[in-house]
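Below, each chain spelled out in residue letters.
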Amino acid sequence: MTQSPLSPALFEFLRELGQHNQREWFQDNKSRYQTEVLDPVVELVAQLEKPLARVAPMLNVVPKRSGGSILRIYRDTRFAKDKTPYKTNVGISFKHLAGGDIHAPGIYLHLDPTETFAAGGCWRPQRQALGAIRQAIDTDPKAWRKATSDKKFARRYELAGESLKTSPRDYPSDHPQIADLRRIDFIAVAAWTEPQWVADDVVARVVDDIKAARSLMMFLCQAVGVPY
């Protein structure tokens, strides 16, 4: 067990950024962002690279400052009402090797002073993948229930995300699995706390959470026709 590369300074920086979400403040504190946030998160991803290659080899784990697993802190404000320029969280996305975007089954880590968690699954899958997942649930509901009630999974995760208010096309409103067929997100979330991110066992805990998500990830990957 090694010391966590993250420190409380990461969350303190994010809290201050939330209070001063302006370009001038960020430029004045950019060196802090790099030393207290970005570089430690890159190191965390680097420490996860080898263990995840063993337990989840289909996840793309890339410890780079840009263009890798760490999401940009800069917000896209072109079509947003909120014009604040920076995210006040750190996002780490381990995408599936078969999918080049966040819609494929993957793992996401969210570090935020107000809410921090690990998540797995498909967020807003595109039409073809969404149809395939719904068909898999309809065809083999037992496998879906088994995946989402697995002891390791259920101990750490809760299903989350948004759903349709009405039944999707081709599925009756009285379908036994209608609550799941209405989902437009097939994700599960495991809650974390700030102290857990700076604890010495942070790498082991992330690995354990990703292992615990295996039953859901296996079901979704099989549904969309990719290995896991």
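Scroll up for the structure.
Here's a quick rundown of the structure. The structure displayed is predicted, hence computed values, not measured ones.

Reading the values: the criteria
Residues numbered from 1 in each chain as written. Predicted model: local features only at pLDDT ≥ 70, side-chain atom pairs only at ≥ 80, totals over all residues. Heavy atoms only, no water. Pairing = 2+ DSSP bridges. Helix = DSSP H or I, 4+ residues; strand = E, 2+ residues; numbered from the N terminus. Contact = heavy atoms within 4.5 Å. Axes fitted to C-alpha atoms, helices over the stretch in contact; angles between N-to-C directions. Parallel < 35°, antiparallel > 145°, perpendicular 65-115°, else oblique. Left-handed = near helix turned anticlockwise from the far one by under 90°. Nonpolar A, V, L, I, M, F, W, Y, C, P; charged D, E, K, R; others polar. Buried < 20%, exposed > 50% of the residue type's maximum accessible area, 1.4 Å probe, protein only. Arc of directions from axis to C-beta. Core = buried A, V, L, I, M, F, W, Y, C linked by side-chain atoms within 4.5 Å. Patch = residues over 30% accessible without salt bridge, like charges linked within 9 Å, V, L, I, M, F, W, Y side chains within 5 Å. Areas by Shrake-Rupley, 256 points an atom, 1.4 Å probe, with all protein chains shown as cover. Salt bridge = Lys/Arg side-chain N within 4 Å of Asp/Glu carboxyl O. Lys, Arg positive; Asp, Glu negative; His and termini not counted. Charge placed at Lys NZ, Arg CZ, Asp CG, Glu CD. Phe/Tyr/Trp six-rings, centres within 6.5 Å; stacked < 30°, edge-to-face > 60°. Lys NZ or Arg CZ within 6 Å of the ring centre and 35° of its normal.

## Description of the sheet that holds strand 2 (residues 90–96)
Taken in spatial order, the six strands make up an open sheet running 1-2-3-4-6-5, and their pairing is antiparallel. In this open sheet, the two strands that pair with only one neighbour each are strand 1 (59–60) and strand 5 (158–160). Alignment of strand 2 against strand 3 (residues 106–111), held across five bridges, turns out to be antiparallel. Bridge pairing in strand 3 places I92 opposite L109. The strands touched by helix 10 (residues 214–224) are strand 1, strand 2, strand 3, strand 4 (116–122) and strand 6 (186–192); relative to strand 4, the strand with the most contacts, the crossing angle is about 30°.

## A few points about the packing of helix 5 (residues 141–149) against helix 10
The geometry of helix 5 relative to helix 10 is characterised by a closest axis approach of 7 Å and an angle of 150° between their N-to-C directions. Comparing the axis directions of helix 5 and helix 10 gives the class roughly antiparallel. The handedness of the crossing between helix 5 and helix 10 comes out as left-handed. The residues of helix 10 that touch helix 5, namely those facing A143, W144, A147 and T148, are S215, L216, F219 and L220. Its residues assigned to classes, the contact of helix 5 with helix 10 comprises six nonpolar, two polar and no charged.

## Structural notes on helix 5
Within the sequence span of helix 5, burial applies to W144, A147 and T148. Each buried residue of helix 5 sits inside an arc of 90° when the element is viewed along its axis, so together they form one side. Along helix 5, exposed side chains directed more than 90 degrees from the buried face belong to K142 and K146. Among the structural elements, helix 4 (127–139), helix 6 (151–156), strand 5, helix 7 (178–181), strand 6 and helix 10 are those in contact with the buried residues of helix 5.

## Digging into the pairing of strand 3
Burial of strand 3 is extensive: five of the six residues sit out of reach of the surface. Bridging between strand 3 and strand 4 involves five bridges; their strand directions are antiparallel. Each residue of the ladder has a partner; that of L109, found in strand 4, is A118. Joining the antiparallel neighbours strand 3 and strand 4 is a turn of four residues.

## Let's talk about the environment of K146
Locating K146 in the fold gives a position in helix 5. A residue is classified by how much of its surface remains accessible, and K146, at 65% relative accessible area, is exposed. For the pair formed by K146 and V55, sequence separation is 91 residues and the distance between their alpha carbons is 20 Å.

## A short note on the nonpolar core
Residues I92, F94, L109, L111, W197 and I210 are the most contacted members of the largest nonpolar core, which totals 61 residues. Of all the elements, helix 3 (residues 30–55) adds the most residues to this core, at nine residues. When residues no more than four places from it in sequence are discounted, the contact partners of I210 are L52, A56, L59, F94, I107, Y157 and Y228.

## Some points on a positive patch on the surface
Together, K151, K152, R155 and K211 give the surface a local cluster of positive charge. Considering every element that reaches the positive patch, the biggest residue donor is helix 6, with three residues. Its place among the elements puts R155 in helix 6.

## Some details on the packing of aromatic side chains
Taken as a whole and assessed by the stated rule, the structure comprises twelve aromatic pairs. Taking 6.2 Å as the distance between ring centres and 85° as the angle between the ring planes, the aromatic pair formed by W144 and F186 counts as edge-to-face. Note that W144 is positioned in helix 5 and F186 in strand 6, a separation of 42 residues in sequence. Residue W144 is classed as buried on the basis of its relative accessible area, which comes to 1%. Where W192 meets W197, the ring centres are 3.9 Å apart and the plane angle is 20°; that geometry is what we call stacked. A connected cluster of aromatic rings, assembled from ring pairs, spans F13, W25, F26, Y33, Y74 and Y86. Sitting over the face of the ring of W192, R205 holds its NZ or CZ atom 4.8 Å from the ring centroid.

## A few points about the pattern of salt bridges
Tallying each qualifying case throughout the model produces eleven salt bridges. Residue R183 pairs with D180 through a salt bridge whose shortest N-O separation is 2.9 Å. With respect to burial, R183 and D180 carry one shared label: buried. If you follow the salt bridges from partner to partner, you end up with E12, R15 and E194 in one network.

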